[in-house]
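Summary of the model geometry
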Amino acid sequence: MSSTSTRRRVASNTAVQLGGRAIIAGAGALSIAVLTRYLGPFAYGKYTLALTYMQLFGVLADVGIYTTVVRDIARDEELTDDTVSAALTLRSALSLVVIVVAAGISHFLPYDHDVRVAILLAGIPLLFGAVTSSLVAIPAARLRMGRAVVGGVAGRLVALGLALLVAGLDLGFYPVMLAAGGGALASLIVTRRLTRSLGRIRLSFDFARWRTLLATGLPLGVALAINEVYFRADTFIISLTQSYDKVGNYTLAYRVLELTLIVGTVFLSSTFPIIADAVRNDRVRARRLIKLSVDALVILGVGLVAGGAVLARDVVSAAGGGHFQLAASPLRVLVFAGALAWVNGVFGFALISRDRQLSTLWLNVLALAFNVVLNIIFIPRYGIVAAAVITVASELVILIGSFFLMRRHLGFFPVPSTLLPALVAGGAMAAVLLLVPPVPVIVSMTLGIAVYAGVLWAISPTSRHVLLGIRP
């Protein structure tokens, strides 16, 4: 395949994934609005706790297998049928084991009967998701992610439809949990139909291939497990020491944050291959790309922080209604963590491109230990706001560590040229939003973005260049 054709396929894949993520994010936001209003903080806390708890264990059902399969079949398409069949069977078996173990452990934790049953029901989307992602490895390796995106969108829309049905008919708590499983099943069915022509996939108890997949994927699986624990540990610790309504408020704040981080996350995943190529082949170009990426994410991050600080209460009211006002305070803090996570993501990708995965792994282990120890100490006394502050502090630990690792392994650390003008523009945006009379939150957000971008455009040539689009 020619390099031009490959670039077009990469660009097409990126565009398709952006469109799909936009639809999924919209459906996800509507699902949050429906379920928070139907369940209320207490039951919503049980619902999100069950899903978060199972996701925490769910990383053990992959242990890096997906990434290993994508790499292997991208190198040799003839391996597709046997490798994907073995991986699908292995991950299904691991998922069943994980569901049983997670449900068993929940009986030793201070959860009530509803939560324990909900945890078991949360295993349904985990199992279907493991099978689906095994199938998605085929279009991912062949740069045909449109088929996978359709499956993901279909699943999210079905889950939204089922949530609306459950709320409309007032079917209760357990059917809400089953709605998530229904969406995962729909995604599996659509993905299977769309990928059927790409390979003959079947159950395969090829134990020799299983051992190879596990041995190859385990190092990455450890890194993924650390990452998952890092992002889920605070909710788990809150559930052990605080009431379910506090869990509900905190997880709502976190879910709102996750929706707002999609743009920066897609930007990171799209620029990673370009940065990786430059780090290997052209150090000067690599430094320029890393610097431009940091500049772009600083612009996004400062805007997120300034807007979130002013609009958190309005955003929470739009997302969850009037019963979730406690979520506003942690959300104001968590937006700082989100902005830092974007910038840290650039440094992580740069170090991985330099084959310094072990260094980034140890840095993440340090941040995880820092995060968990402080959460155990401070959450029982200070609650969900402390959890948010500790998340920010953990991202600062990663930033400080990245400073030393970048200077050691890449010879420089980029100082963002857009930080000062972004702070000025963020201040202007915050001032305008504070002075504007009460309006729908979508109007406030649109106005804030316009003010922020306009001030940046007026005062910063570097920011103008970034706003016009980075062209590596």
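In what follows, the structure referred to is the one given above.
The structure displayed is predicted, hence computed values, not measured ones.

Looking at the overall build of the chain
- Counting its secondary structure elements, the chain contains 16 helices and zero strands.
- Rg of the C-alpha trace for the chain: 22 Å, near the compact-globule value of 23 Å for 472 residues, within the 12% margin.
- Each principal axis of the C-alpha atoms in the chain carries an extent, and together these give about 60 × 55 × 40 Å.
- Burial status across the chain gives 50% buried among its 472 residues.
- Pairs at least 24 residues apart make up 83% of the contacts formed inside the chain by residues separated by at least 6 positions.
- Summed over its atoms, the accessible surface of the chain is roughly 21300 Å², and 68% of this surface lies on carbon and sulfur atoms.
- Looking at the chain, you have 39 positive and 21 negative side-chain charges, and the mean spots of the two groups are 6 Å apart.

Thoughts on the packing of helix α8 (residues 244-260) against helix α11 (residues 328-353)
- Viewed as axis vectors pointing N to C, α8 and α11 meet at an angle of 35°, and their least axial separation amounts to 10 Å. Of the two elements, α8 crosses α11, and the hand of that crossing is right-handed. In this structure, α8 uses Y250, A253, Y254, V256, L257 and T260 to contact α11, whose residues at the interface are P330, L331, L334, V335, G338 and W342.
- Of the residues that constitute the contact of α8 with α11, the class distribution is ten nonpolar, two polar and no charged.

Notes on a nonpolar patch on the surface
- Together, L419, L420, L423, V424 and I459 give the surface a local cluster of nonpolar side chains, amounting to about 460 Å² of exposed area.
- Here the nonpolar patch gets four residues from one element, more than from any other, and that element is helix α14 (residues 419-435).
- Mapping L419 onto the fold places it in helix α14.

What about the environment of Q242?
- When you line up the elements, Q242 lands in the loop between α7 (207-241) and α8.
- A sequence separation of 206 residues divides Q242 from G448, and the C-alpha atoms of the two residues are 35 Å apart.
- Dropping the residues within four chain positions of it, Q242 is found in contact with I379, P380 and G383.
- In this structure the side chain of Q242 is engaged in a polar contact, spanning 3.1 Å, whose partner is the backbone oxygen of I379.

A look at the pattern of salt bridges
- A full pass over the atoms with the stated rule returns six salt bridges.
- For K46, the salt bridge is made with D114, and the minimal N-O distance between the two is 3.6 Å. Of this pair, K46 sits in helix α1 (residues 3-58) while D114 is found in helix α4 (residues 113-141), placing the two residues 68 residues apart along the sequence.
- When salt bridges with common partners are traced through the structure, they connect K46, D112 and D114 into a single cluster.

Some words on the environment of V424
- Mapped onto the elements of the fold, V424 is located in helix α14.
- Through-space distance from the C-alpha of V424 to that of R408 is 32 Å; in sequence the pair is 16 residues apart.

Cut-offs applied
- Residues numbered from 1 in each chain as written.
- Predicted model: local features only at pLDDT ≥ 70, side-chain atom pairs only at ≥ 80, totals over all residues.
- Heavy atoms only, no water.
- Helix = DSSP H or I, 4+ residues; strand = E, 2+ residues; numbered from the N terminus.
- Rg over C-alpha atoms; globule rule 2.2 N^0.38 Å.
- Buried < 20%, exposed > 50% of the residue type's maximum accessible area, 1.4 Å probe, protein only.
- Contact = heavy atoms within 4.5 Å.
- Areas by Shrake-Rupley, 256 points an atom, 1.4 Å probe, with all protein chains shown as cover.
- Lys, Arg positive; Asp, Glu negative; His and termini not counted.
- Charge placed at Lys NZ, Arg CZ, Asp CG, Glu CD.
- Axes fitted to C-alpha atoms, helices over the stretch in contact; angles between N-to-C directions.
- Left-handed = near helix turned anticlockwise from the far one by under 90°.
- Nonpolar A, V, L, I, M, F, W, Y, C, P; charged D, E, K, R; others polar.
- Patch = residues over 30% accessible without salt bridge, like charges linked within 9 Å, V, L, I, M, F, W, Y side chains within 5 Å.
- Salt bridge = Lys/Arg side-chain N within 4 Å of Asp/Glu carboxyl O.
- Polar contact = N/O pair within 3.5 Å; in protein donor to acceptor, adjacent residues only side chain to side chain.

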